[in-house]
Amino acid sequence: MSSEKPCKTATQLVTGGRKKEFTGSVVNVPVWRASTHLYGDVASLEAGKETNADGRFFYGRRGSPTQWALADALTGMEPGAAGTMLYPSGVAAISCALLSVLRPGDVLLMTDNAYDPSRSFADGFLKRFGIETRYFDPLITDYGSLFCERTRAILLEAPGSLTFEVQDVPAICAEAKKRGVVTLLDNTWATPYFFTALNKGVDMTILAATKYIVGHSDVMLGCVTTHEKYWTRLRQTAQQLGQIVSPDDAFLASRGLRTLAVRMNAHEASALKIARWLQTRPEVETVLHPALPECPGHAFWARDFTGSSGLFSFVLKGSKAKAAAFVDALDLFGIGYSWGGFESLALPVHPETCRSEVPWDTSRNIIRLQIGLEDSDDLIADLESAFGQTTGLD
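All figures in this text were calculated on a predicted structure; none of them were measured in a lab.

Peer 1: How would you sum up helix α7 (residues 169-178)? Please name residues and give values.
Peer 2: For an α-helix the count is 3.6 residues per turn, leaving residues at separations of three or four pointing the same way. Within α7 the residues assigned to the buried category are Val169, Ile172, Cys173, Glu175 and Ala176. The arc enclosing the buried residues of α7, seen along the axis, measures out at 160°, which places them on a common side. A positive phi of about 70° marks Gly180, the residue just after α7.

Put into structure tokens, the structure is as follows:
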């Protein structure tokens, strides 16, 4: 069913990876559970050792049609991509992508609004192996000043998943390319549905597929998509580190991928409606949503992105105790980490604990909202009730 004709993204999401060789006579690629792949004879076994490329039966750690179909579909979302590797979590995807391009003595540049586990990996694991990480203001304009002769990679996140600054990704990538520096982007917020990273200059685009790709809060998964220049290094590093995703998880991610377009459109519409409503509330200092002009880097979002997802933050006036009480008063919003599922979530977040270059004023209390697929009017009513219940708290 996988189409060779040029198609729009929504069509690609439905048809991607559904090759006849993977599906046979059914609509979805079956779940192939296998550790051992059998050969017809010794000659075939020896030939397999020579080829052993992804997309061929070799051994269970190299996957099966269930995993290959998902990787194929994700690759198809990024024009110019050579392949996609799957990982058991988003953190594993970030870590393995970095390990594929860094070696002892190198310098890694990382945006200061990066996902906290990315910082933890850099400040812990990479540091132990002699790789230095330097953080930078995500809104810096003097891009050339970032690099030194030892800089080998730069990790971007646009927007940041707590404070939502949007970087000028194409400009930073252009500067990096002049110096032969590899650019990696955590593109989990937008996904390739709203931001095709490779054609904006990114070398490796990373997704915590746990979020919007899976979409149902029931699978841990990560992926990295890259072009031909880095594909072999990425694939070999993943295989040497023994990275594999279970066929059951790959199947569920493929199922989620089929509805990504309708879900992202729904997340976007509801989140924008709620963000604009929050702007009218006297209890709110500011709303941090990339599609709103007041959000830092909004102009870059407007230029480079085709839409916005369901995750954003707002700064609540008052104390941390009031912020906690507000979240506790919500009924339709769960309290929990992650995002991108069908359900709404609310979480007090603390950027001051994971910044080094751009300090966050600790008196400003951020509440991050994941807007799910519930009716937006019901969610607004729930937020309004929480505002009412916390009136008078400082």
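Continuing now.
Peer 1: A description of the packing of aromatic side chains should follow, citing residues and the corresponding values.
Peer 2: Think of a pair of aromatic rings as described by two things: how far the centres are apart, and how the planes are tilted against each other in angle. Taken as a whole and assessed by the stated rule, the structure comprises 11 aromatic pairs. Plain terms: the ring middles of Tyr212 and Trp339 are 5.6 Å apart, the flat faces sit at 65° to each other, and that makes the pair edge-to-face. Taken together, the residues Tyr212 in the loop between β6 (204-207) and β7 (222-226) and Trp339 in the loop between α13 (320-329) and β10 (345-349) connect sequence positions 127 residues apart. The pair formed by Tyr212 and Trp339 is uniform in burial state, with each residue classed as buried. Judged by centre distance (6.0 Å) and plane angle (80°), the rings of Phe314 and Phe326 are edge-to-face. Separated by 12 residues along the polypeptide, Phe314 in strand β9 (residues 311-316) and Phe326 in helix α13 bring together distant segments of the chain. You'll find Phe314 and Phe326 in the same group, each marked buried.

Peer 1: Account for the environment of Lys127, with residues named and values stated.
Peer 2: Here Lys127 shows up in helix α6 (residues 116-128). Note on Lys127: relative accessible area 59%, which makes it exposed. In sequence terms Lys127 and Pro104 are 23 residues apart; their C-alpha atoms lie 9.0 Å from each other.

Peer 1: Please give an account of the pattern of salt bridges that cites residues and values.
Peer 2: As enumerated under the stated definition, the model contains 16 salt bridges in all. Arg152 is the salt-bridge partner of Asp106, the closest N and O atoms lying 3.7 Å from each other. Taken as a pair, Asp106 in the loop between α5 (90-99) and β2 (107-111) and Arg152 in strand β4 (residues 151-157) lie far apart in primary sequence, 46 residues in all. Looking at Arg152, the relative accessible area reads 33%, which means it is partly exposed. For Glu384, the salt bridge goes to Arg281, with nearest N and O atoms at 3.6 Å. Note that Glu384 is positioned in helix α14 (residues 376-389) and Arg281 in the loop between α11 (260-279) and β8 (284-288), a separation of 103 residues in sequence. With a relative accessible area of 16%, Arg281 lands in the buried category. Salt bridges sharing partners connect three or more residues here, namely Glu132, Arg134 and Arg150.

Peer 1: Describe in detail the sheet that holds β6, supporting the description with residues and values.
Peer 2: Read from one edge to the other, the open sheet built from 7 strands follows the order β1-β7-β6-β5-β4-β2-β3, with strand pairing classed as mixed. Because the sheet does not close on itself, it has two edges, and the strands there are β1 (83-87) and β3 (132-136). Across this sheet, the average inter-strand angle for adjacent strands is 20°, counted without regard to direction. Sitting on the sheet, helix α4 (residues 65-76) touches β1 and β7, and the angle it makes with β1 is about 125°.

Peer 1: Can you lay out the packing of α5 against α6 for me, pointing to particular residues and giving the numbers?
Peer 2: Two elements in contact, α5 and α6, have axes separated by 10 Å at closest approach and are oriented at 45°. Accordingly, the angle class assigned to the pair α5 and α6 is oblique. The way α5 lies across α6 gives a crossing that is right-handed. On α6, the residues touching Val91, Ile94, Ser95, Leu98 and Leu99 of α5 are Pro117, Ser118, Phe121, Phe125 and Leu126. Considered class by class, the residues forming the contact of α5 with α6 number 8 nonpolar, 2 polar and no charged.

Peer 1: Would you mind going over the pairing of β2 in detail, with residue names and values included?
Peer 2: Most of β2 sits inside the fold, with 5 of its 5 residues counted as buried. Both faces of β2 are covered, namely the face carrying Val107, Leu109 and Thr111 and the face carrying Leu108 and Met110. Regarding the hand of the β-α-β motif, the stretch spanning β2, α6 and β3 is right-handed. Taken together, the 4 bridges between β2 and β4 define a ladder with parallel strand orientation. Note that in β4 the partner of Val107 across the bridge is Thr151.

Peer 1: An account of the sheet that holds β8 is needed here, citing residue identities and associated values.
Peer 2: Backbone-to-backbone hydrogen bonds join strands into a sheet, with any given pair of strands oriented parallel or antiparallel. The antiparallel open sheet is built from 4 strands, whose spatial order is β8-β9-β11-β10. Two strands close off the open sheet at either side, each with one partner strand: β8 and β10. This sheet shows a mean twist of 25° between the axes of neighbouring strands, independent of strand direction. For β8 and β9, the ladder comprises 4 bridges, and the chain directions are antiparallel. Each bridged residue has a counterpart across the sheet, and for Val284 the counterpart in β9 is Leu316. Taken strand by strand, α11 contacts β8, β9 and β11 (365-370), and its axis lies near 10° from that of β9.

Cut-offs used in this document
- Residues numbered from 1 in each chain as written.
- Predicted model: local features only at pLDDT ≥ 70, side-chain atom pairs only at ≥ 80, totals over all residues.
- Heavy atoms only, no water.
- Buried < 20%, exposed > 50% of the residue type's maximum accessible area, 1.4 Å probe, protein only.
- Helix = DSSP H or I, 4+ residues; strand = E, 2+ residues; numbered from the N terminus.
- Arc of directions from axis to C-beta.
- Phe/Tyr/Trp six-rings, centres within 6.5 Å; stacked < 30°, edge-to-face > 60°.
- Salt bridge = Lys/Arg side-chain N within 4 Å of Asp/Glu carboxyl O.
- Pairing = 2+ DSSP bridges.
- Axes fitted to C-alpha atoms, helices over the stretch in contact; angles between N-to-C directions.
- Contact = heavy atoms within 4.5 Å.
- Parallel < 35°, antiparallel > 145°, perpendicular 65-115°, else oblique.
- Left-handed = near helix turned anticlockwise from the far one by under 90°.
- Nonpolar A, V, L, I, M, F, W, Y, C, P; charged D, E, K, R; others polar.
- Right-handed = clockwise from strand over helix to strand, strands pointing away.

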